[in-house]
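Architecture at a glance
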Amino acid sequence: MSNENFNTLELLRNHFRYPFPTLKNPNAEQLQEITEKQWIDGEYLWLYEQNPDLRKKYKKTKTAHIAAQWFPTASPERFKPICRLMLWTLYNDDLYEESEPEDIGHIHAQSIAILNGEISAEDSGIPLGPMLAALRQELLQFIPQESVFRFTKMISKYFTGLETELKYKKNKAYPSVSECIALRENSICLYPFLQLTELETGIILPKEIHEHPVIIRLQTLACHLVTFFNEVQSVLKDEATDSIYYNIVKVIQHERQMSLKEACLEDLRLHNEDLKEFIELQASLPDFGIWQDAVVNWVHYMSMVLSGWKNISTQLDRYNKTEFPSALELKERLSQSQTQKEI
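In terms of regular secondary structure, the protein is built from 19 helices and zero strands. Compactness check: the protein gives a C-alpha radius of gyration of 20 Å against a globular reference of 20 Å for 343 residues, within 12% of the reference. Put simply, the protein has 343 residues, and 57% of those count as buried. For the protein, the exposed surface amounts to about 14400 Å²; the carbon and sulfur share of it is 49%. Counting 36 positive and 49 negative side-chain charges, the protein places the averaged centre of each group 3 Å from the other.

Structure below.
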């Protein structure tokens, strides 16, 4: 690949390789129909009621099909909250990526309070409150309160990452490469999904396993790997939307004064280092006694997130074109929708 014909999609397809299975949940289409008809055009229609084109773009993102690659064996009932979470992550990202950093603190606090059952969606006053309240109720049907608390802590990490991104963007300042990797580890919003493997398998692992350093490290590596992949994938979109200050590829390019191609190849090198560590840890897990088979299975599911993300995301316009969606348009629509709802 010369600089002249450098193609990010080609790099992703041919050089980001995962030795893991790629499975897909057979309930994807059923849940995609619920996503489109019951949620986008139903419960959450008011958000973009006056903008059918934008709703169409959300439908084309095929959120249930993304979730289907990450949770390939979940039953329809257990798959539903995962699909609701997937749609929430896109809505939340798009609504707030143009916000002031200080405004995110309120959204963060209210979102966590809803998920912890401390306030109602109505009392929260945030647009996506009802979505989070419904998600909490669905999760509690299948996993205990302690698991929901752990999941909620991971949502909190996501908001912390989002707020940090907005600070860099507002100040038009680059973090260091290591700082950028750390903030994107949180803002990529994979940690919450990794907690929900319990939802899929039906096996609730004890607290000491979730807090084991190897299990924590595997999750961190998974977040890094998806991020390294995502940065190459979204670099042209991020250039178009002034989101370069927290794209690892652009931070590498800035810090080391490299070409875009060289920075993407350095991102790939970092990715492959973490992939090697993930594979080595997966192959030599500690002895977890009676929980050994369940832990091995959980890490196996974690690995399928990586191969599944590559498989689905390289096919989606959202991640491969600069056209979707305009953050300013989303912000304007949200403001209009809230005004209309108040009227």
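Okay, the packing of aromatic side chains next. Using the criterion set out here, one finds eleven aromatic pairs in the structure. When the ring of Tyr48 is compared with that of Tyr58, the centres are 5.6 Å apart and the planes differ by 20 degrees; the resulting orientation is stacked. Taken together, the positions of Tyr48 in the loop between helix 2 (28–43) and helix 3 (52–60) and Tyr58 in helix 3 put the pair ten residues apart, joining distant regions of the chain. Tyr48 gets classed as buried once you look at its relative accessible area, which sits at 1%.

Before going further, it helps to spend a moment on the confidence of the model for the protein. Residues with a pLDDT of 70 or more make up 90% of the protein, whose mean pLDDT is 91. In the predicted structure, residues 337–343 sits below a pLDDT of 50 and forms seven contacts with residues beyond four places in sequence or in another chain.

This part covers the side chain of Arg84. Position of Arg84 relative to the elements: it lies in helix 5 (residues 76–96). The class for Arg84 is buried, based on a relative accessible area of 4%. A polar side-chain atom of Arg84 sits 2.8 Å from a polar atom in the side chain of Glu138. In this structure, Arg84 is in contact with Trp39, Glu43, Tyr44, Met131, Ala134, Leu135 and Glu138, ignoring residues within four places of it in sequence.

Reading the values: the criteria
- Residues numbered from 1 in each chain as written.
- Predicted model: local features only at pLDDT ≥ 70, side-chain atom pairs only at ≥ 80, totals over all residues.
- Heavy atoms only, no water.
- Helix = DSSP H or I, 4+ residues; strand = E, 2+ residues; numbered from the N terminus.
- Rg over C-alpha atoms; globule rule 2.2 N^0.38 Å.
- Buried < 20%, exposed > 50% of the residue type's maximum accessible area, 1.4 Å probe, protein only.
- Areas by Shrake-Rupley, 256 points an atom, 1.4 Å probe, with all protein chains shown as cover.
- Lys, Arg positive; Asp, Glu negative; His and termini not counted.
- Charge placed at Lys NZ, Arg CZ, Asp CG, Glu CD.
- Phe/Tyr/Trp six-rings, centres within 6.5 Å; stacked < 30°, edge-to-face > 60°.
- pLDDT = per-residue confidence, 0-100.
- Contact = heavy atoms within 4.5 Å.
- Polar contact = N/O pair within 3.5 Å; in protein donor to acceptor, adjacent residues only side chain to side chain.

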